[in-house]
Amino acid sequence: MAALEEEFTLSAVPLCAGPDGLIGVEQSDKTDQFLVTDSGRTVILYKVSDQKPLGSWSVKQGQIITCPAVCNFQTGEYIIVHDNKVLRLWTNEDVNLDKVFKATLSAEVYRIHSIQGTEPLVLFRKGAVRGLEALLAEPQQKIETVISDEEVIKWTKFFMVFRHPVLIFITEKHGNYFAYVQMFNSHVLSKYTLLLGQEGKSVVQSFTASVDRKFISLMSLTGSDGCVYETLIPIHSSDTEKHQNQTVVRSLLLKTVVSGNARNSAALTVLDQDHVAVLGPPLPASKECLSIWNTKFQTLQVSKELPQGTTGQLWYYGEHLFMLHGKFLTVIPYKCEVSSLAGALGKLKHSQDPGTHTMPHFVNWETSPGCGLESQGSELSKRILRRRKIEANVQPEVPASKQLLLTIKNDSEKHIEIELRKFLASKQTPDFHTVIGDVVIGLLGRCQTEPSFYPRNSLMQLIQMQVLSHSLCPRLMEVALEKSDVHMLQLCLQQFPDIPEAVTCACLKMFLNIGDDILQETDVNMESVSDYTDAIQDEKMEEETEILQNGFNPEEDNCDKELNGKPQDTIEETSSCPVIPKRAALLNAILHSAYSETFLLPHLKDIPAQHITLFLQYLYFLYLKCSENATMTLPGIHPPTLNQIMDWICLLLDANFTVVVMIPEAKRLLLSLYKFVKSQICICSELNKIEVSFRELQKLNQEKNNRELYSIEVLELL
């Protein structure tokens with residue numbers, strides 16, 4: 001899901017914006033500071049968090065700024081071009097632009113690009129590109145012509161791909177559009193003709209682009225139909241195509257996001273790989289709106305009306321959208337979550353601003369977004385007609401899901417449980433997954449307002465429906481942790497595929513810390529635990545008895561003489577489980593959970609050392625049990641796998657080795673792990689020798705028929 005937060009203006013003073021709006025908004029070398037260039041003579045440096053200007057600079061009367069000011073991230077200087085050819089550089093300490101560094105160039109500049117990691121680039125109106133340093137060293141150098149006569153640059157964008165600068169700019173000539181891609185690591189310029197399709201000479205109102213390793217995804221918003229199209233342009237062309245005019249075809253991405261009569265008041269910008277922001281009126285007679293669309297699922301996520309109108313310009317940096325709302329520069333913070341099907345269907349929003357409109361939870365995939373707007377209008381007219389029929393007094397039937405949500409707000413836990421059971425037994429609707437999420441959010445919301453309210457049975461029912469995820473109800477596991485409900489946490493770990501690593505570690509801490517007496521009285525799913533946890537040694541084995549586990553004899557190795565003196569302790573350690581069965585079932589749920597090692601390791605360092613030792617002892621016990629049979633598996637339904645056991649042993653040792661090695665009771669465990677790994681290495685070495693010997697025998701057998709003489713060869717197998 002996406003969300004638009006409350007807007008704010010950067011200054012109470014109207015900006016000098018011409019009929020085409022501002023010249024540009026660019027980021028400074030400080031994350032929270034931005035350079036705003038108006039269409040007159042002024043550049044203003046704003047600090048967004050303080051909502052006030054930090055500095056202002058103007059050119060002389062009679063001079064006109066023709067290129068937006070940018071920041072040189074390598075030096076911290078600001079760069080501007082006025083009167084098309086005059087380039088100036090200054091810093092925060094400078095007051096008068098007339099007294100700062102000045103360079104007069106030999107050709108007109110279209111745009112200066114500056115991003116982190118490389119020097120600024122200057123793009124001239126005829127398509128040539130120069131680095132700033134080379135240009136300052138020789139300002140009057142000859143600038144070549146790249147594009148043809150009457151060809152005009154309409155839009156440009158600067159990227160970093162594999163630490164190499166890549167520039168793309170779009171030109172237009174007689175209604176035809178062309179894309180130029182400049183690779184600066186290979187100094188190759190590629191030209192592409194944008195094939196617009198059946199519309200022919202349709203006017204493109206706005207361009208935006210994103211880049212991955214192979215393609216530039218160029219998106220365009222056309223004025224004739226208000227649709228968003230996507231064109232994939234390869235970054236690296238083949239040698240035979242580098243200097244040829246290639247043709248690329250666009251495809252429809254979003255249908256009718258703005259009115260076709262929007263003219264120049266529409267803009268488009270890409271926010272991430274799945275979301276774009278669109279500025280413009282959704283209907284011919286409606287006011288302008290700022291909306292965020294999900295391109296992956298082609299759904300409208302959120303929309304905000306702008307009654308004072310805009311100039312059709314939209315900039316985005318970080319998590320802020322910039323635009324002129326009326327005569328004031330307005331900033332609207334936004335948030336976009338990772339794209340998922342649940343989010344595209346409209347994921348559980350508690351509150352909603354008066355000027356913000358969201359799509360309903362259930363989307364009819366067989367109708368386009370444009371048709372959806374028409375259906376909204378028809379629904380409005382139907383409601384008006386129903387209002388006129390007062391004498392009929394027909395009350396629409398309240399859906400069962402809304403009745404259940406009303407019950408959750410006021411009724412007792414027992415009554416909610418009964419009503420929920422009735423609802424789940426009824427016929428499921430297409431939006432069943434989302435309704436279940438709404439019900440969980442409603443229950444958790446009441447838990448937050450009423451600490452004594454905890455509908456455990458209802459929540460367990462909903463979890464067992466197997467339609468929930470952590471992203472759909474993020475507070476569910478948080479509440480279960482607060483209530484120390486280990487059974488609910490176990491079910492969540494078994495069913496949720498998107499649990500954050502911090503929550504997984506919080507569950508692990510609780511599973512290791514909770515007392516055995518409490519666990520004995522708690523209901524826990526024991527499917528993953530078989531009778532191997534109850535295999536306690538009843539009879540004393542003779543000292544000369546050997547225990548061989550996949551070639552491992554814990555008494556045979558000489559690396560630990562201390563262990564040789566206490567064989568009985570080793571036998572007891574390998575045959576009895578260090579935790580009770582219910583705790584083992586909870587720890588198995590942790591082993592099955594998904595995680596990213598990078599994000600998990602920092603949280604594992606916060607677990608107490610004695611708990612880490614206990615968990616390692618249990619993992620070592622499972623490893624030995626796996627080694628007792630040829631299949632290297634554990635009995636039971638969904639037991640931990642050998643890879644999961646080994647991965648967690650490595651994770652715990654990586655995160656806590658310096659702590660664990662100082663604990664006396666962990667010393668024997670670490671030595672046992674060392675011996676076991678050493679024995680496995682020996683086994684692999686011997687197997688490798690056997691493999692080489694068999695390979696030589698096979699080779700000898702193949703060559704036997706080709707020999708006229710015979711020979712005797714002795715091969716030592718072991």
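From a predicted model like this one, the values you see are computed outputs, not experimental measurements.

## Some details on empty space enclosed by the protein
1) Next: By the definition in use, this model includes 2 cavities of 30 Å³ or more.
2) Next: Put simply, the largest cavity is a space of about 60 Å³.
3) Next: The wall of the largest cavity is formed by Leu-194, Leu-195, Leu-196, Val-204, Phe-207, Leu-218, Met-219, Ser-220, Thr-231, Val-248 and Arg-250.
4) Next: When contributions to the lining of the largest cavity are tallied by element, the ones reaching two or more residues are strand S17 (188-195), strand S18 (204-211) and strand S19 (215-222).
5) Next: For the lining of the largest cavity, the element with the highest residue contribution is S19, accounting for 3 residues.
6) Next: Here the residues of the lining of the largest cavity sort into 8 nonpolar, 2 polar and 1 charged.

## Looking at the pairing of strand S4 (residues 33-37)
1) Next: The element S4 is extensively covered by neighbouring structure, given that 5 of its 5 residues are classed as buried.
2) Next: In the sheet, strand S3 (residues 24-27) pairs with S4 via 4 bridges, with the strands oriented antiparallel. From the neighbouring strand, Glu-26 faces S4, where its bridge partner is Leu-35.
3) Next: Two successive antiparallel strands, S3 and S4, enclose a turn made up of 5 residues.
4) Next: As judged from the 5 bridges shared by S4 and strand S5 (residues 42-47), these two strands associate in the antiparallel manner.

## Brief notes about the nonpolar core
Soluble globular proteins tend to bury their nonpolar side chains together.
1) Next: Among the nonpolar cores identified, the biggest contains 90 residues, and Leu-468, Leu-604, Phe-615 and Trp-648 are the most heavily contacted of them.
2) Next: Broken down by element, the residue count for this core peaks at 13 residues, all from helix H16 (residues 609-626).
3) Next: Excluding anything up to four places from it in sequence, Leu-468 contacts Ile-436, Gly-437, Val-440, Leu-462, Ile-463, Cys-473 and Phe-496.

## Regarding the sheet that holds strand S6 (residues 52-58)
1) Next: Strands sit in the order S3-S4-S5-S6 across an open sheet of 4 strands; the sheet is antiparallel. In the strand order of this sheet, the two ends are held by S3 and S6, each with one partner. Within the sheet, the average angular offset between the axes of one strand and its neighbour, ignoring direction, is 20 degrees.

## Re the sheet that holds strand S16 (residues 176-183)
1) Next: Read from one edge to the other, the open sheet built from 5 strands follows the order S14-S15-S16-S17-S21, with strand pairing classed as mixed. Lying at the two open borders of the sheet, with one neighbouring strand each, are strand S14 (152-161) and strand S21 (245-249). Within this sheet the neighbouring strands show an average axis-to-axis angle of 25 degrees, counted without direction.
2) Next: Strand direction decides the pairing type here: S17 and S21, joined by 5 bridges, are parallel. Along S21, the bridge assignment pairs Thr-193 with Thr-247.

## Re the state of the cysteines
1) Next: Taken as a whole, this structure holds 0 disulfides when the rule is applied.
2) Next: In this structure Cys-473 is a free cysteine whose sulfur lies 7.2 Å from that of Cys-492, the closest cysteine sulfur available.
3) Next: On the accessibility criterion, Cys-473 (0% relative accessible area) is buried.

## Re unusual backbone geometry
1) Next: Of note in this structure, Gln-298 is not a glycine but carries a positive phi near 55 degrees.
2) Next: Relative to the assigned elements, Gln-298 resides in the loop between strand S25 (289-294) and strand S26 (299-305).
3) Next: Phi angles above zero are rare outside glycine, and Gln-466 is one such case at about 60 degrees.
4) Next: In this structure, Gln-466 sits in the loop between helix H7 (456-463) and helix H8 (475-482).

## With respect to the pattern of salt bridges
1) Next: Tallying each qualifying case throughout the model produces 15 salt bridges.
2) Next: A salt bridge links Glu-108 to Arg-125; its shortest N-O distance comes to 3.5 Å. A residue pair is termed long-range when its members are at least 10 positions apart, and Glu-108 in the loop between strand S10 (101-104) and strand S11 (109-113) and Arg-125 in the loop between strand S12 (121-124) and strand S13 (129-131) qualify at 17 residues.
3) Next: Given a relative accessible area of 34%, Arg-125 falls into the partly exposed group.
4) Next: For Lys-422, the salt bridge is made with Glu-419, and the minimal N-O distance between the two is 3.7 Å. Placement of the pair is Lys-422 and Glu-419 together in helix H5 (residues 413-425), with a separation of 3 residues, close to one helical turn.
5) Next: Classification of Lys-422 as exposed rests on a relative accessible area of 52%.
6) Next: Since its relative accessible area comes to 25%, Glu-419 is described here as partly exposed.

## Examining a nonpolar patch on the surface
1) Next: Together, Phe-657, Val-661 and Met-662 make up an exposed nonpolar region whose accessible area comes to about 320 Å².
2) Next: With respect to the secondary-structure elements, Val-661 resides in the loop between helix H17 (642-660) and helix H18 (664-703).
3) Next: You can call Val-661 partly exposed: its relative accessible area is 41%.

## Some details on the side chain of Ser-593
1) Next: Inspection of the secondary structure assignment puts Ser-593 in the loop between helix H14 (581-592) and helix H15 (597-604).
2) Next: The buried category is assigned to Ser-593, whose relative accessible area is 7%.
3) Next: There is a polar contact of 2.6 Å between the side chain of Ser-593 and the backbone oxygen of Ile-590.
4) Next: Once residues lying within four places of it in the same chain are set aside, the contact partners of Ser-593 are Leu-493 and Thr-504.

## Considering the packing of helix H9 (residues 486-495) against helix H10 (residues 501-513)
1) Next: Taken N-terminus to C-terminus, the directions of H9 and H10 make an angle of 140 degrees; their axes are 11 Å apart at the nearest point. Judged by the angle between their axes, H9 and H10 are oblique. The handedness of the crossing between H9 and H10 comes out as left-handed. Note on element contacts: H10 touches H9 through Cys-507, Met-510 and Phe-511, opposite Val-486, Leu-489, Gln-490 and Leu-493.
2) Next: Considering only residue class, the contact of H9 with H10 consists of 6 nonpolar, 1 polar and no charged.

## Focus on helix H4 (residues 400-410)
1) Next: Along H4, the residues classified as buried are Ser-401, Leu-404, Thr-407 and Ile-408. Along the axis of H4, the buried residues cluster in a sector spanning 115 degrees; they form a single face. Exposed and oriented more than 90 degrees from the buried face of H4 are Lys-402, Lys-409 and Asn-410.
2) Next: Those residues of H4 that are buried lie in contact with H5 and helix H6 (432-449).

## Some points on the confidence of the model for the protein
1) Next: Looking at the protein as a whole, its pLDDT mean stands at 80, while 79% of the residues score no less than 70.
2) Next: Predicted confidence is poor over residues 554-573, with pLDDT under 50, and the contacts of this stretch with residues over four places away or in other chains come to 32 contacts.

Thresholds applied
Residues numbered from 1 in each chain as written. Predicted model: local features only at pLDDT ≥ 70, side-chain atom pairs only at ≥ 80, totals over all residues. Heavy atoms only, no water. 1 Å grid on protein atoms, 1.4 Å probe; cavity = no way out; pocket = protein on both sides within 12 Å on 5 of 7 lines; lining within 4 Å. Points joined across faces, edges and corners; volume = space filled by probe spheres on them. Helix = DSSP H or I, 4+ residues; strand = E, 2+ residues; numbered from the N terminus. Nonpolar A, V, L, I, M, F, W, Y, C, P; charged D, E, K, R; others polar. Buried < 20%, exposed > 50% of the residue type's maximum accessible area, 1.4 Å probe, protein only. Pairing = 2+ DSSP bridges. Core = buried A, V, L, I, M, F, W, Y, C linked by side-chain atoms within 4.5 Å. Contact = heavy atoms within 4.5 Å. Axes fitted to C-alpha atoms, helices over the stretch in contact; angles between N-to-C directions. Disulfide = S-S within 2.5 Å. Salt bridge = Lys/Arg side-chain N within 4 Å of Asp/Glu carboxyl O. Patch = residues over 30% accessible without salt bridge, like charges linked within 9 Å, V, L, I, M, F, W, Y side chains within 5 Å. Areas by Shrake-Rupley, 256 points an atom, 1.4 Å probe, with all protein chains shown as cover. Polar contact = N/O pair within 3.5 Å; in protein donor to acceptor, adjacent residues only side chain to side chain. Parallel < 35°, antiparallel > 145°, perpendicular 65-115°, else oblique. Left-handed = near helix turned anticlockwise from the far one by under 90°. Arc of directions from axis to C-beta. pLDDT = per-residue confidence, 0-100.

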